[in-house]
Amino acid sequence: SIGAVMMFISLFLGLSFKPVPVINQGSEKEKVNLFKYKPFIVLFVPNLLRGFCAGIFGVATVIGYHYKMLDSSNANTLALLLQISTVTGCFVYSLMSRKNKEGLIILIASISTAVCMPAMLIGNSSKMFMVMYLVGNFALNFINYGVPVAVTKIVEYRYMGQYSAWRMM
């Protein structure tokens, strides 16, 4: 019932939005070669590694099951920890991002994630796995929200569509 109420609130909020006028950036279409664009080349490997890391973190529960650190009884706890770390991570990132230090935020969060991922397996303990999963997902939120913000400051507007498509791929 709460979900239904929230759905109607969302509907009314969505209908209350006002259209934003379209700003014409120029009438002629410029051809750009993204593979000669320096930010794309420099950030290609970091973007690839970020995707790789996020993919591995996405299957962390499978790794926990494989090493017998997780079972059906504590998987619910892990799901709850995931939600807690996501909500608190988003909240803390919103406070930290006011200082416009995305590079530093992403660097610290990347180091934290790199430490937490292998630390999940220390001692073959389900508690250690869950704590490191909580901290790792918390840090991963900073990366997931900080990278798109940083990209808007690095990549020129005319490259943004192509850059984002290739970055996400």
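Computed from a prediction, not measured in an experiment: that's the story for all the values here.

A look at the packing of aromatic side chains
Here comes step 1: One pass over the structure, following the stated rule, counts 11 aromatic pairs.
Here comes step 2: On the numbers, 3.7 Å between centres and 10 degrees between planes, the contact of Tyr-37 with Tyr-159 is stacked. Taken together, the positions of Tyr-37 in the loop between helix 1 (2–16) and helix 2 (38–58) and Tyr-159 in the loop between helix 6 (126–154) and helix 7 (160–168) put the pair 122 residues apart, joining distant regions of the chain.
Here comes step 3: What makes Tyr-37 buried here is its relative accessible area of 7%.

Concerning the confidence of the model for the protein chain
Detailed reading of the predicted coordinates is not advisable wherever pLDDT is low.
Here comes step 1: For the protein chain, mean pLDDT is 88; residues scoring 70 or higher make up 96% of the total.
Here comes step 2: Per-element mean pLDDT across the protein chain ranges from 84 in helix 7 up to 93 in helix 1.

Topic: the packing of helix 6 against helix 7
Here comes step 1: For the pair helix 6 and helix 7, the least separation of the axes is 11 Å and the interaxial angle reads 150 degrees. With respect to their mutual orientation, helix 6 and helix 7 come out roughly antiparallel. Here helix 6 runs over helix 7; the crossing is right-handed. Contacts from Val-147, Pro-148, Val-151 and Thr-152 of helix 6 reach helix 7 at Met-160, Tyr-163 and Arg-167.
Here comes step 2: Classifying every residue of the contact of helix 6 with helix 7 gives 5 nonpolar, 1 polar and 1 charged.

Rules and cut-offs
- Residues numbered from 1 in each chain as written.
- Predicted model: local features only at pLDDT ≥ 70, side-chain atom pairs only at ≥ 80, totals over all residues.
- Heavy atoms only, no water.
- Phe/Tyr/Trp six-rings, centres within 6.5 Å; stacked < 30°, edge-to-face > 60°.
- Helix = DSSP H or I, 4+ residues; strand = E, 2+ residues; numbered from the N terminus.
- Buried < 20%, exposed > 50% of the residue type's maximum accessible area, 1.4 Å probe, protein only.
- pLDDT = per-residue confidence, 0-100.
- Axes fitted to C-alpha atoms, helices over the stretch in contact; angles between N-to-C directions.
- Parallel < 35°, antiparallel > 145°, perpendicular 65-115°, else oblique.
- Left-handed = near helix turned anticlockwise from the far one by under 90°.
- Contact = heavy atoms within 4.5 Å.
- Nonpolar A, V, L, I, M, F, W, Y, C, P; charged D, E, K, R; others polar.

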